[in-house]
Amino acid sequence: KQHKFWETQPVGQFKDVGNSSLPEGPIELPKPLSEVKQEPYNLPNLYEWTVCDMESDEICNEVYVLLTNNYVEDDDNLFRFNYSKEFLRWALHPPGYFQSWHIGVRVKSSKKLVAFITGISVKMRVRDEVVKMAEVNFLCVHKKLRSKRLAPVMIKEVTRRIHLENIWQAAYTAGVLLPTPVTTCQYWHRTLNPKKLIDVGFSRLGDRMTMSRAIKLYKLPNSTSTPGLRKMELRDVPAVTRLLKNYLSQFIVAPDFDDIEVEHWLLPQENVVDSYVVESEDTREITDFISFYTLPSSILNNQNHSILKAAYSFYNVSTRIPLLQLMNDALIIAKQKDFDVFNALDVMENECFLKELKFGQGDGQLYYYLYNYRLSNALKPSELGLVLL
Ligand SMILES: COc1cccc(CC(=N)NC(=O)c2cccnc2OC2CCNCC2)c1
């Protein structure tokens, strides 16, 4: 019964874990495009497919409202991700995006948007192979339409449209265990606003911890410590691309970003993504950078607060300044920008700063998956150089 759908898909199956006779790489070979199903999968009668043009403010707003009311909640149903409209446009319009991969489901009669799933294309390096993949994200079915088995047909439909562009692999994450994770990550939170986090139930005061002790424990300096740390600008793109490509080459799975992609993903956008570079004062070269993205959460039933302002660690590269110092400056900047919490996964080299900078371990896991690509062994989080939104 468990995973009825995923047992039909070209993904690592639990029964195959540890079977080292299975080769690493694609599970199914590409098909001639003429053999890909040409017409959309059937939806239950009352519903129809639609393509969502996120440049349209009206449609972007419909997607925003659907996700705000029906997307992922934490395990205790206290919080729900509240991606902003400008964030969704950023996340879904990288260079070379396919509008046909921004898929909605509407009620035929009312035209109400009741489900969503997206893909964007990415060049992913797995060991020393660069594989064109899709990153699938934002799978959301309206709460009132759950367990109508809509999700499997949406996954099959986005897969079909990805196949039509001759792409045969994908990457995705989930907070639930499915066949079969390439990596299991822990998430960590660094308190920036202890009073609010305790008020809303995100954090609890330890037994011997008073509120004033908590405020003191998490206090940060008012200004950053790294000389030459400044906001990233367009002129920094070539240097940041070089730094990022070189840094990510150490991980087993990582995106292979070119300049145009670095410009899209890392150039600062207010309320979406913040990036800072370290420019060496004498050589003027860019030696390090930090970045985090803005993903607030709705607070589901609290009288005093409705939004949790959360920053999420994105890509950070240290070549001259210790990562610990860079990330401490990232915390200071996030606090200056009135974020309540700074979140990070234990991917890349993050483990080296999590405990030291007073991150607390979250109570859940984030699982990373590859579609139609087998890895002989699961990766340690420190072998993964990929952060999904
Ligand atoms: C605090 O508000 C929340 C609202 C919904 C869910 C969660 C818990 C959770 N599931 N957190 C994460 O998945 C997470 C924790 C740390 C860093 N990135 C994360 O997820 C990212 C990446 C995957 N897509 C969602 C955002 C928290």
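Shown above is the structure to which this text applies.
The structure presented is a predicted model; accordingly, all values stated were derived computationally and were not measured.

> Which parts of the structure should I look at to understand the sheet that holds strand β2 (residues 79-81)?
One key point about sheets: their strands pair by backbone hydrogen bonds, in either a parallel or an antiparallel sense. As summarised here, the arrangement of the three strands in space is β2-β12-β13, forming an open sheet in which the pairing is antiparallel. With partners counted over all chains shown, the strands left at the sheet margins are β2 and β13 (307-308), one partner each. Its contacts with the sheet put helix α1 (residues 57-70) on β2 and β12 (297-299), and the angle it makes with β2 is roughly 150 degrees.

> Help me understand the pairing of strand β5 (residues 129-141) in this model?
Every regular strand shows the same layout, with side chains that alternate between the two sheet faces. Inspection of the sheet shows strand β4 (residues 113-126) paired to β5 by eleven bridges, in the antiparallel sense. Across the sheet, R125 pairs through a bridge with V130, a residue of β5. With antiparallel pairing between neighbouring strands as the criterion, β4 and β5 make up a hairpin whose turn holds two residues, including R127 at a positive phi of roughly 55 degrees. Across three bridges, the pairing between β5 and strand β6 (residues 169-174) is parallel. The residue bridging E135 from the neighbouring strand is A171, located in β6.

> What is the right way to read the pattern of salt bridges from this model?
Once their charged atoms are close, side chains differing in charge can pair, the charge on each being opposite to the other. This structure, assessed with the given rule, holds 23 salt bridges. With its nearest N and O atoms 2.7 Å apart, the salt bridge here joins E157 to R161. Placement of both E157 and R161 in helix α3 (residues 150-164) is noted, with a separation of four residues, approximately one turn of the helix. Residue E157 is classed as buried on the basis of its relative accessible area of 0%. Among the residues examined, R161 registers a relative accessible area of 11% and is labelled buried. One connected set of salt bridges, linked through shared partners, spans R230, E233, R235, D236, E279 and R284.

> Looking at this model, I keep getting lost on the site of the ligand. Mind explaining?
In the neighbourhood of the ligand, 18 residues make up the surrounding shell, with F79, Y83, Y187, S297 and L389 lying closest. Take S297: an N or O atom from its side chain is 2.8 Å from an oxygen atom of the ligand. L389 has a polar backbone atom sitting 3.1 Å from a nitrogen atom of the ligand.

> Looking at this structure, how should I read empty space enclosed by the protein?
Under the criterion given, the structure shown has four cavities of 30 Å³ or more. Empty space within the largest cavity amounts to approximately 130 Å³. Along the wall of the largest cavity there are 16 residues; nearest its centre are I120, E135, F257, W265 and V387. Only β4 and α7 (259-266) provide two or more residues apiece to the lining of the largest cavity. Among the elements that line the lining of the largest cavity, the one with the most residues is β4, at three residues. Partitioning the lining of the largest cavity into residue classes produces 13 nonpolar, one polar and two charged. Mapped onto the lining of the second largest cavity, the elements with two or more residues apiece are α2 (85-92), β4 and β5. Here the lining of the second largest cavity is built from residues that sort into five nonpolar, three polar and one charged.

Thresholds applied
- Residues numbered from 1 in each chain as written.
- Predicted model: local features only at pLDDT ≥ 70, side-chain atom pairs only at ≥ 80, totals over all residues.
- Heavy atoms only, no water.
- Pairing = 2+ DSSP bridges.
- Helix = DSSP H or I, 4+ residues; strand = E, 2+ residues; numbered from the N terminus.
- Contact = heavy atoms within 4.5 Å.
- Axes fitted to C-alpha atoms, helices over the stretch in contact; angles between N-to-C directions.
- Salt bridge = Lys/Arg side-chain N within 4 Å of Asp/Glu carboxyl O.
- Buried < 20%, exposed > 50% of the residue type's maximum accessible area, 1.4 Å probe, protein only.
- Near = heavy atom within 4 Å.
- Polar contact = N/O pair within 3.5 Å; in protein donor to acceptor, adjacent residues only side chain to side chain.
- 1 Å grid on protein atoms, 1.4 Å probe; cavity = no way out; pocket = protein on both sides within 12 Å on 5 of 7 lines; lining within 4 Å.
- Points joined across faces, edges and corners; volume = space filled by probe spheres on them.
- Nonpolar A, V, L, I, M, F, W, Y, C, P; charged D, E, K, R; others polar.

So far we have only geometry, and geometry alone does not tell us how the molecule works.
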